[in-house]
Amino acid sequence: MSRVKQYLDLVRSVLQKGTRKPNRTGVDTLSTFNENYEIDLREGFPLLTTKEISWKNIVVENLWFLSGETHIGLLKKHGCKFWDPWADESGRVPSAYGNFWRHFPVHESAPDGAGPGVRVAFNDQIRWVADEIKRNPMSRRLVVTAWAPGNAQTSQLPPCHLLFMFNVQQDERGEPMLCLHLTQRSADVALGVPYNIAGYAFLLELFSRFTGIRPGIFGHTMIDAHVYTRKADGSMAEYDHVPGLQAQLERAPRKLPRLTIDPAIRSLDDLRPLLDADTPAVMKHFTLSGYEPHPAIPFKVAV
C-alpha cells in the first residue's frame, strides 16, 4: 500500500469501532485497543497528503529530540509552538523524549575507593544504538525507551510514543534494509499520529544515513488509539475531531513525496551544528520534493 492509506484505515477503524471513554483532559474520546500497521518507506516518505502537515515542524522537533534538550528554546527559535503548553515557567519539559533518549538514568556501583553505595549515571541510548547497528546489524537489542518510571509515573505528560526499536531485515533481493517499530501507549489520531508517522520515518531515514543501510519498513503499534469528540450531551464541541477526520476520508490521497538528505549528514555528530543554524539553513539539509497535500484542517488540542 502507498499514499499512507494505512492512516485512513486507522481513522475508519476508530470512528467505526471506538467506544466512548473519559480521560484526564476532560474531553471524551472514541477509543480502540491495539491498532497496528506497516508503512514501506521505499514507496515514498509518509507525510500525510489528505491534509497539509508542517515539514519544518517535523524536522525541528526531531532534531530537538535528538539533541537531548529539555528546554523549548530551539523549538521557539524556529516558530514551533506545540510543546508550549507542557513547558514549565523556565521553558523546560522534564519528560521530553530526547532527555531520556540521550540521558536515561541508570545506577552504577561506585568505583573502589569512591565511597559506599551506588551513583546515578546516564545512558545515551541514541548513540549506542547508532553505533551498535554498525557493529552488530543483526542484533535484536536495538531499543530506545523514553519511559523512565520515576518520571513517567508522576509527570503531567508522560511519553506517549514511549518505545522504538530498529531491526535489520532482508528485502526480496537479499539486500539489508533498516526497519523501525514504534510502540505508542496513547495515540491522538487526528493531531498526533500524522506527526508520529512522519517523525519516526524521519528518524529511520536519518539512522539509515548514519549506518549505511537503506530504509525499509516502519511498523506502528498503538495501545489506545483515540479520537477526541464532543460530550454525549453535545457540549465541548470545539474539541470534536470527528468532522475533520470525516472530511479527510472524503479526500483522495495523493502521491507521496520524496526525502533527500544532504550528503554532508553522515553521523549523529553532523546534526549538532544545525542546532545553532537559522530555519532556512536547517531545512536545506532535508529537502522534501513532490509534496502536494490537500489544505490543512485545524484541530483544537485537548491539554
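Rules used throughout
Residues numbered from 1 in each chain as written. Predicted model: local features only at pLDDT ≥ 70, side-chain atom pairs only at ≥ 80, totals over all residues. Heavy atoms only, no water. Helix = DSSP H or I, 4+ residues; strand = E, 2+ residues; numbered from the N terminus. Rg over C-alpha atoms; globule rule 2.2 N^0.38 Å. Contact = heavy atoms within 4.5 Å. Lys, Arg positive; Asp, Glu negative; His and termini not counted. Charge placed at Lys NZ, Arg CZ, Asp CG, Glu CD. Salt bridge = Lys/Arg side-chain N within 4 Å of Asp/Glu carboxyl O. Buried < 20%, exposed > 50% of the residue type's maximum accessible area, 1.4 Å probe, protein only.

How should I be thinking about the overall build of the protein in this particular structure?
The helix and strand tally for the protein stands at 9 helices and 10 strands. Whereas a compact globule of 303 residues would reach a radius of gyration of roughly 19 Å, the protein reaches 20 Å, a difference of no more than 12%. Considered along the principal axes of its C-alpha atoms, the protein spans approximately 65 × 50 × 35 Å. In the protein, of all internal contacts separated by at least 6 residues, the share reaching a separation of at least 24 is 69%. Both charge centroids of the protein, one from 35 positive and one from 33 negative side chains, sit 2 Å from each other.

Help me understand the pattern of salt bridges in this model?
Any two side chains of opposite charge can pair if their charged atoms end up close together. On inspection of all chains with the given rule, the structure shows 17 salt bridges. Among the ionic pairs, D84 bridges to K76, the shortest N-O distance being 3.6 Å. Its relative accessible area of 28% is what places D84 among the partly exposed residues. Here the residues in one salt-bridge network are R102, D124, R127 and D269, joined through shared partners.

Got a minute to help me understand the environment of G219 in this structure?
Mapped onto the elements, G219 comes out in strand β8 (residues 215-228). For G219, a relative accessible area of 8% translates into the label buried. Between the C-alpha atom of G219 and that of C179, which follows or precedes it by 40 residues, the distance is 7.8 Å. Once you skip the residues sitting within four places of it in the chain, G219 turns out to touch Y37, E38, L180, H181 and L182.

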